[in-house]
Amino acid sequence: MSRVLNKNHIVTYGYKKGIHNGIDLVGEGYTLADVIAHSTGTVVAIRRDYRTTDKSGNSYGNYVKIKHEGGYETLYAHMKFNSVCVNVGDVIKCGQKIGTMGATGFCFGAHLHFEVRKDGVKIDPTSFIDGNLPEVKREETKPIEKDEAKNEAKENFKVGDKVIPTKLVDYNGTHLKQYDDSYIISQINGDRAVLTARNQVWAAMNIKNIKHV
Ligand SMILES: [Zn+2]
């Protein structure tokens, strides 16, 4: 669940890049509603003592800014005087009340002005009003996947497999001469495979230098 007001909120003014960098919302039936946190995060800035509605300027009035995973921030502006009920450093849960809608700052009528930023850049929040911020991809699982792939490759070879060398070098690094078109693994020990052809042991090779036929 991620939202900023309630399910039936009304968008009074949408996002227009460079002109209006957020979305204006009011509650169901054009009522003023509680402002709730869109997603879980940490409060990084607030203001709660702004008293006036300004006919010019660009003031957010009373606002809350919350930092989320993945470089995202949400901002909630124009809240009612003294209604902001969280503090900088608070960890806020998705859906938790953070204040009440109002008309403080540069504003023509009470509403919530909602912004989303990614790495400090204001982005179009339209698709996130009723949905989660994009999932953060976790990079740290990648090296584990690589190791698993390596182990898989090791386990891929077993006694009796038909293989060919990809490099004509034996396990000790000595250059080899081709003996047959393909070989059978007659013994395997860790990364060392003994290759046999025409019922004769040909060489011991590192399994990284062989492949299945
Ligand atoms: Zn606005």
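Rules behind the numbers
Residues numbered from 1 in each chain as written. Predicted model: local features only at pLDDT ≥ 70, side-chain atom pairs only at ≥ 80, totals over all residues. Helix = DSSP H or I, 4+ residues; strand = E, 2+ residues; numbered from the N terminus. Buried ≥ 20, exposed ≤ 12 C-beta atoms within 10 Å, placed from the backbone. Contact = placed C-beta atoms within 7 Å. Pairing = 2+ DSSP bridges. Core = buried A, V, L, I, M, F, W, Y, C linked by C-beta atoms within 7 Å. Axes fitted to C-alpha atoms, helices over the stretch in contact; angles between N-to-C directions. pLDDT = per-residue confidence, 0-100.

Q: Quick question: what am I supposed to make of the overall build of the chain here?
A: Of regular secondary structure, the chain possesses one helix and 17 strands. When burial is assessed residue by residue, the chain has 26% of its 213 residues classed as buried. Expressed as a percentage of contacts within the chain between residues at least 6 apart in sequence, the contacts between residues at least 24 apart total 58%.

Q: Any chance you could explain the environment of Met79 here in plain terms?
A: With respect to the helices and strands, Met79 occurs in strand E7 (residues 72-79). Once the C-alpha coordinates of Met79 and Thr100 are considered, the two residues, 21 residues apart in sequence, prove to be 5.7 Å apart. For Met79, the contacting residues outside a window of four places in its chain are Val35, Gly61, Asn62, Tyr63, Val84, Gly99, Thr100, Met101, Gly102 and Thr104.

Q: Would you explain the pairing of strand E4 (residues 41-47) in this entry?
A: Looking along a regular strand, one sees the side chains alternate between the two faces of the sheet. Sheet topology places E4 next to strand E8 (residues 91-92); two bridges connect them, and they run antiparallel. Along E8, the bridge assignment pairs Thr42 with Val91. Across five bridges, the pairing between E4 and strand E6 (residues 62-67) is antiparallel. From the neighbouring strand, Val43 faces E6, where its bridge partner is Ile66.

Q: What is the right way to read unusual backbone geometry from this model?
A: Leaving glycine out, the prevailing phi sign among residues is negative, and the prevailing peptide bond configuration is trans. Even without being glycine, His78 reaches a positive phi, approximately 70°. Here His78 is to be found in strand E7. In this structure, Arg198 takes a positive phi of about 50° despite not being glycine. Among the structural elements, Arg198 can be located in the loop between strand E15 (192-197) and strand E16 (200-206).

Q: I would appreciate a short explanation of the nonpolar core in the present structure.
A: Generally speaking, nonpolar side chains in soluble globular proteins are found buried as a group. In terms of nonpolar packing, the biggest core is built from 22 residues, with Val4, Val35, Tyr63, Val64, Tyr76, Ile98 and Leu112 touching the most fellow members. For this core, the secondary structure elements donating two or more residues are strand E2 (23-26), strand E3 (34-36), E6, E7 and strand E11 (112-118). Of all the elements, E7 adds the most residues to this core, at four residues. With residues near it in sequence (within four places) discarded, Val4 still touches Leu25, Val35, Ile36, His38, Leu112, Phe114 and Ile129. In terms of nonpolar packing, the next biggest core, distinct from the first, is built from seven residues, Ile185, Leu195, Trp202 and Met205 among them.

Q: Help me understand the sheet that holds strand E17 (residues 210-212) in this model?
A: In a beta sheet, neighbouring strands are held together by backbone hydrogen bonds and run either parallel or antiparallel to one another. Strand order in the open sheet made by the five strands is E16-E15-E14-E13-E17, with antiparallel pairing throughout. Strands with a single pairing partner mark the edges of an open sheet, and in this sheet they are E16 and E17. Taken over all neighbouring pairs, the strand axes of this sheet differ in orientation by 45° on average, direction set aside.

Q: Would you mind going over the environment of Tyr13 with me for this structure?
A: Topologically, Tyr13 is positioned in strand E1 (residues 10-13). Under the C-beta neighbour-count criterion, Tyr13 is labelled partly exposed, with 13 such atoms within 10 Å. Separated by ten residues in sequence, Tyr13 and Ile23 have C-alpha atoms that sit 6.0 Å apart. Contacts of Tyr13, omitting those with residues within four sequence positions, involve His20 and Asp24.

Q: Is there a simple way to explain the confidence of the model for the chain in this structure?
A: If pLDDT is low for a region, its predicted coordinates should not be looked at in detail. Summing up the model confidence of the chain, the mean pLDDT is 88 and the portion of residues at 70 or higher is 89%. Highest mean pLDDT in the chain belongs to E6 (98); lowest belongs to helix H1 (residues 142-155) (53).

Q: I would appreciate a short explanation of the environment of Ser186 in the present structure.
A: As for its position among the elements, Ser186 is in strand E14 (residues 183-189). C-beta crowding within 10 Å serves as the criterion here: with 16 such atoms nearby, Ser186 is assigned to the partly exposed category. For the pair Ser186 and Lys162, spaced 24 residues apart in sequence, the C-alpha separation works out to 9.8 Å. Contacts of Ser186, omitting those with residues within four sequence positions, involve Val159, Val194, Thr196 and Val201.

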